Amino acid sequence: MVNDLSTAQKWMYLAQQQKKQRDDIDRSTHGSLRAAPVYLINKLRHEISADVFRQIKVCIETERLSWLETFVAKDGITIAVAHIVRISRELKERGQQSDGDKELVLAGLKMITSMGVTMTGIKLFLEADDGTILSKLVLCLDTTDARCKKVLYDFFALLCAVGKGARTLVADAMESFKYQTREEMKFFDLVETLKYETA
């Protein structure tokens, strides 16, 4: 039967069979394959959505320590931060943001900051950060979305509470933010955000 098909039909048949196999694997593993760190990192590389960020956040908060270690070791944090910052910058340049765009950035930031749920998660984040991750992540503060700012400032406050090394990374990131956004004074955005949050 397959020999009687044209080349295009054979390719379509092959694609259908591969999709059927993937669907069978997904059903047979009851989600365990979907929760594998490498699977989610590959998904993050090819499909950027709030759902993917939420799925990773749930895994960070609920899976075993080995899952988190693998996710960090395979550059999951670096890849996620690169996407979040890129999306945030694109939205800033466009000037207008839909609710879906804002939710995408917010879901990504919540996924990253979920590493702060445990001390081990914080340590793994800090070990993965050579100073560049926070320097990139801080650029997401350059937004009008107060929810994104709050999530990031809460995470930075948590990191500062960990110790001097983490405080230095946060201070360096804020200094980088000052120069990249041409802020008048260091922490100007933080002070302005706190003014409106407490009012």
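Note that the coordinates shown come from a computational prediction; the quantities given were computed from them, not determined experimentally.

Quick notes on the rules
Residues numbered from 1 in each chain as written. Predicted model: local features only at pLDDT ≥ 70, side-chain atom pairs only at ≥ 80, totals over all residues. Heavy atoms only, no water. Core = buried A, V, L, I, M, F, W, Y, C linked by side-chain atoms within 4.5 Å. Buried < 20%, exposed > 50% of the residue type's maximum accessible area, 1.4 Å probe, protein only. Helix = DSSP H or I, 4+ residues; strand = E, 2+ residues; numbered from the N terminus. Contact = heavy atoms within 4.5 Å. Salt bridge = Lys/Arg side-chain N within 4 Å of Asp/Glu carboxyl O. Expected span 1.5 Å × (residues − 1).

Peer 1: Just to check I follow, could you spell out the nonpolar core for this structure?
Peer 2: Across soluble globular proteins, you tend to see nonpolar side chains buried next to one another. Ranked by internal contacts, the top residues of the largest apolar core, which has 53 residues, are I56, I77, L109, I112, F125, F156 and L159. Looking at this core, the element that brings in the most residues is helix 5 (residues 76–94), giving eight residues. Other than its neighbours up to four places away in sequence, L159 contacts I122, F125, L126, L134, A166, R167 and V170.

Peer 1: How should the pattern of salt bridges be read in this particular structure?
Peer 2: Any two side chains of opposite charge can pair, given that their charged atoms come close. Going through the model one piece at a time under the given rule, you end up with seven salt bridges. Here E61 and K57 are joined by a salt bridge, their closest N and O atoms 2.9 Å apart. Placement of both E61 and K57 in helix 3 (residues 50–62) is noted, with a separation of four residues, approximately one turn of the helix. Given the relative accessible area of 36%, E61 is considered partly exposed. Exposure remark for K57: the relative accessible area of 24% places this residue in the partly exposed category. R89 is the salt-bridge partner of D142, the closest N and O atoms lying 3.4 Å from each other. One end of the pair, D142, is in the loop between helix 8 (132–137) and helix 9 (146–162); the other, R89, is in helix 5, with 53 residues separating them in the sequence.

Peer 1: Looking at this structure, how should I read helix 5?
Peer 2: Every α-helix carries 3.6 residues per turn, so stepping three or four residues along brings you back to the same face. End to end, helix 5 covers 27 Å across 19 residues, agreeing with the expected 27 Å (1.5 Å per residue, within 8%). The complete set of buried residues in helix 5 reads G76, I77, I79, A80, V81, H83, I84, V85, I87, S88 and L91. Buried residues along helix 5 sit in contact with helix 2 (37–46), helix 3, helix 4 (65–73), helix 6 (99–113), helix 7 (119–128) and helix 8. Immediately beyond the C-terminal end of helix 5, within one or two residues, lies G95, with a positive phi of roughly 85°.

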